[in-house]
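Chain by chain, the residues run as shown.
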Amino acid sequence: MDGKQEIMAEPSLTAPTPAPASPQVKTLKCSGCGSPITLRGMERTESVACEACGSVIDLTDENLRIISTFQSKIKHKPLIPLGSRGRIRGDLFEVIGYLRRAVTVEGVDYEWSEYLLFNPYKGFRWLSEYNGHWSFLKTTTHIPRKKGDGARYLDKTFLHFQTAESRVVFVLGEFYWKVQAGETCKFTDYISPPMILSKEQTAQETDWSIGEYIEPETLWSAFKLTSSIPARIGVAPNQPSPYAGQASSLWKLIGYLFLAAVFIHLAIFFLSQNKLAFENRFTFQQKDKGKAIVTEFFEITGHPSNVVIKTAAAPLDNSWLFLNMALISEDGRAYDFGREISYYHGTEDGSAWSEGNFSDEATLPTVPPGRYYLRIEPESPAPMVNYHIQVYRDVPQWSFFFIVLGALCILPILLIWRLARFEGARWSESDHPGTMWMRIPDSTPEEEEGKEKTKGKVDR
Amino acid sequence: MKKFIIVYGAAVLLLMGIAEYRGWSLMSYEEQKGVPKSLRENPGSYRSSYARVLHK
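Here the residue numbering is sequential within each chain, running from 1 through the sequence in written order. To label them, take the chains in the order written and letter them from A, then take the ligands in the order written and number them from 1. Under the rules for a predicted model, residues below a pLDDT of 70 receive no local features and side-chain atom pairs below 80 are neither given nor counted, while totals for whole chains, interfaces and linings still include all residues. Where side-chain values are given, they derive from all heavy atoms of the structure, hydrogens and water being excluded.

Asks: Outline the overall build of chain B, listing residues and values.
Replies: The way it works is that DSSP assigns letters per residue, a run of H or I at least four long becomes a helix, a run of E at least two long becomes a strand, and they are numbered from the N terminus. If you tally the helices and strands in chain B, you get 2 helices and 1 strand. Tracing chain B from N to C terminus, the helices and strands come up as α-β-α.

Asks: Account for the packing of helix α5 (residues 399–427) of chain A against helix α1 (residues 2–22) of chain B, naming residues and giving values.
Replies: The N-to-C vectors of α5 of chain A and α1 of chain B enclose an angle of 175°; their axes lie 10 Å apart at closest approach. Here α5 of chain A is positioned roughly antiparallel relative to α1 of chain B, judged by the angle of their axes. Along its contact with α5 of chain A, which presents Phe400, Phe401, Val404, Ala407, Leu408, Ile410, Leu411 and Leu414 of chain A, the element α1 of chain B presents Phe4, Ile5, Tyr8, Gly9, Val12, Leu13, Met16, Ala19 and Glu20 of chain B. Any residue outside Ala, Val, Leu, Ile, Met, Phe, Trp, Tyr, Cys, Pro, Asp, Glu, Lys and Arg is labelled polar, Gly included; the first ten of those are nonpolar and the last four are charged. The residue makeup of the contact of α5 of chain A with α1 of chain B, split by class, is 15 nonpolar, 1 polar and 1 charged. Only the stretch in contact is used when fitting a helix axis, every axis being a line fitted to C-alpha atoms; angles between N-to-C directions are given from 0 to 180 degrees. To sort the angles, those under 35 degrees are grouped as roughly parallel, those over 145 as roughly antiparallel, those from 65 to 115 as roughly perpendicular, and the leftovers as oblique. Residue contacts are defined here by distance: any two heavy atoms, one from each residue, within 4.5 Å place the two residues in contact.

Asks: Let's hear about unusual backbone geometry: which residues, and what values?
Replies: Note: most peptide bonds trans; most residues except glycine with negative phi. Residue and element names in this part refer to chain A. Cis geometry is adopted by the peptide bond preceding proline 194, which originates at proline 193 and carries an omega value of 10°. Backbone torsion omega between alanine 314 and proline 315 reads -10°, so that peptide bond is classified as cis. Mapped onto the elements of the fold, proline 315 is located in the loop between β20 (305–314) and β21 (319–329). Of note in this structure, asparagine 131 is not a glycine but carries a positive phi near 55°. Take asparagine 131: it is sitting in the loop between β9 (123–130) and β10 (133–139). Taking relative accessible area as the criterion, asparagine 131 reaches 26% and is therefore assigned partly exposed. Relative accessible area decides the class of each residue, using a 1.4 Å probe on protein chains only: under 20% of the type maximum gives buried, over 50% gives exposed, and in between gives partly exposed.

Asks: Can you break down α1 of chain B residue by residue, with the values?
Replies: Residues and elements named next belong to chain B. How far a helix is expected to stretch is found by multiplying one less than its residue total by 1.5 Å. Compared with the 30 Å implied by 1.5 Å per residue over 21 residues, the 30 Å span of α1 between its first and last C-alpha is a close match. When α1 is considered as a whole, its buried residues turn out to be Ile5, Gly9, Val12, Leu13, Met16, Gly17, Ala19 and Glu20. Looking straight down α1, one finds its buried side chains confined to an arc of 170°; they lie on one side. Structural note: α1 exposes Lys3, Val7 and Leu14 on the side pointing more than 90 degrees away from its buried face. Note that the arc is computed from the directions linking the helix axis to the C-beta atoms.

Asks: Please provide a residue-by-residue account of the confidence of the model for chain B, values included.
Replies: Residues and elements named next belong to chain B. Summary statistics for chain B give a mean pLDDT of 83 and a share of 84% for residues scoring 70 or more. Of all helices and strands in chain B, the one with the weakest mean pLDDT is helix α2 (residues 49–54) (54), whereas α1 scores best (93). For the stretch residues 52–56, pLDDT sits under 50, and the model shows 8 contacts to residues farther than four places along the chain or on other chains. For this predicted complex, the interface confidence comes out at an ipTM of 0.86, alongside a pTM of 0.69. A score from 0 to 100, pLDDT tells how confident the predictor is in each residue.

Asks: So what about the side chain of arginine 375 of chain A? Which residues, and what values?
Replies: All names here are of chain A. Here arginine 375 lies in strand β25 (residues 370–379). By relative accessible area, arginine 375 is classed as buried at 0%. Any pair of N or O atoms that falls within 3.5 Å is considered a polar contact. Within protein, one atom must be able to donate a hydrogen and the other to accept it, and sequence-neighbouring residues count only if both atoms are side-chain atoms. A distance of 2.7 Å separates polar atoms of two side chains, one belonging to arginine 375 and the other to glutamate 377.

Asks: Describe the pairing of β25 of chain A, listing the residues and the values that go with them.
Replies: Residues and elements named next belong to chain A. Burial analysis of β25 places 9 of its 10 residues in the buried class, which makes it a mostly covered element. Strand pairing is defined by DSSP finding a minimum of two bridges between the two strands. Here strand β18 (residues 293–294) pairs with β25 via 2 bridges, running antiparallel. Bridge pairing in β25 places valine 294 opposite arginine 375. Pairing between strand β19 (residues 298–300) and β25: 3 bridges, direction antiparallel. Looking across to β25, one finds that isoleucine 300 is bridged to glycine 370. Where β21 and β25 come together, 8 bridges link them in antiparallel fashion. Directly across from leucine 323, in β25, lies its bridge partner proline 378.

Asks: Quick one: what's the story with the environment of arginine 281 of chain A, residue by residue and with numbers?
Replies: Residue and element names in this part refer to chain A. Topologically, arginine 281 is positioned in strand β17 (residues 275–285). When the C-alpha positions of arginine 281 and threonine 311 are compared, they lie 9.7 Å apart, and in sequence the two are 30 residues distant. Apart from the residues lying within four places of it in its own chain, the contact partners of arginine 281 are Tyr387 and His388.

Asks: Go over the interface of chain A and chain B, please, and point to the residues and values.
Replies: Put simply, an interface is often sized by how much accessible area is lost when its parts join up. With 56 residues of chain A at the contact, the number on the chain B side is 41 residues. Two parts placed together each lose some accessible area under a 1.4 Å probe, and adding up what both lose gives the buried area. Summing both sides of the interface, chain A and chain B together bury roughly 4,300 Å²; the carbon and sulfur share of this comes to 66%. The largest contributions to the chain A side of the interface with chain B come from Asp336, Arg375 and Phe400 of chain A, which together make up 16% of the buried area. We count a salt bridge whenever a side-chain nitrogen from Lys or Arg sits within 4 Å of a carboxyl oxygen from Asp or Glu. Across the pair glutamate 31 of chain B and arginine 333 of chain A runs a salt bridge, and its minimum N-O distance is 3.5 Å. Summed over the shared surface of chain A and chain B, the result is 14 residue pairs in polar contact (both at pLDDT 80 or more). At the level of elements, α4 (244–271), β18, β20, β21, β22 (334–348), β24 (359–367), β25 and α5 of chain A are the ones that each hand at least two residues to the side of chain A that touches chain B.

Asks: Outline the nonpolar core, supporting the account with residue identities and numerical values.
Replies: Residues and elements named next belong to chain A. Ranked by size, the top nonpolar core spans 29 residues in total, and within it Leu327, Leu364, Tyr387 and Ile389 carry the most contacts. Contributions of two or more residues to this core are made by β17, β19, β20, β21, β22, β24, β25 and β26 (384–393). Ignoring any residue separated from it by four or fewer positions in sequence, one finds tyrosine 387 in contact with Asn280, Arg281, Phe282, Thr283, Phe284, Ile293, Ala312, Ala313, Leu321, Leu323, Ile376 and Pro378. By convention a nonpolar core is built from buried Ala, Val, Leu, Ile, Met, Phe, Trp, Tyr and Cys residues, the set being connected through side-chain atoms within 4.5 Å.

Dropping the structure here:
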């Protein structure tokens, strides 16, 4: 069972338990300012923060003593109001507490919100929100194992993402511990999107929690919120990549496109006429210089397609033959082109060299069927050159096939680039920016057991 | 992304199919119309634009 299944399909979670028909609440007066405070935690909470004055009251003390006071000038308003009830993963939870944590990295403060949820049969859960990204968390059922600098939990390898020290900067509502203003803890996040494994360490205890990325739309619908959903900024550590899930199907699709290209090309290749329409041998002599000749008519058949004129010339010894040619139809349409055949050779610094060759191939595109002849006007400095001309109809071409293969190669490049950009954005806020390709989990479980002494954080 | 790949791939394959079927070519040539039938009797009366431009 993987971590996702634990969150989504743990037996105790999949069988929804009956929730109280109406919230069971109790009220008391704030010891600090006298404002009424509503208690929803059914005596399973130890402290409550007054919304009016920021005093945190010890609920285990019979005199309701104030244990700390939050003097924050900014009054944070929870996006999901306290007392809201919503069904998540099949169970009804009520928001009973809200706190803001902050971490300072390179002199910059980063804040996020945590919502404490309560169900009398299930206990406590957390919703964590950062930059519009949400995760639904619960305490782990057993201690994750260490795996290099990552962790192993429920047969899943989690990569180390970040270790930092957080502090509580604002609280509202009830909590199952005596929350203190400025309370700090060292936290370490490990990820295996959409799961996140979080370790929180204080001097007294170590808590592990497992969470799953949750779409904000799901929460807004669950809690029936009418406010607008805050826009998501950046990429969350455990946000599932929109491409990773599709990657295999996209690779398959790209593979099919390559296969289709081969199939189409081969189909056209084998269906092509590749038919010799005309062939003849000619001789150029200097006395013929400037004189043009015409061939007899020949038939070009089939659908409009290419016509390939293949020419071979000999002898060409450090010389050239230029042929001004025109393929002219019976009705007076002319395709006018010029081709040069040249061959040069010699010796330079003791080594032989040569360039050019004795043949040439010209392709005229989309020539309609009909009766045609060639007009040929040869030029050459050689005293005499023999040349051979062949005209082929509907000759299969490889050039477009290779161009298309190149064009299709853009797709995997684009896919890899988008995957890399998303992962780059994810890891840019981690302790390992720019190393996402090296941080691929392997499936070999590490046998080293976690030795921390843990204490259940929420399963009370 | 999937839609883009399908549309792009289909367009590229379609273009390849048309190009290969119609025998497209990247070769440069000039097309002229209205060449008189008398050219066969007097081939020198036709002047190739390629001859003048490329090999004068």
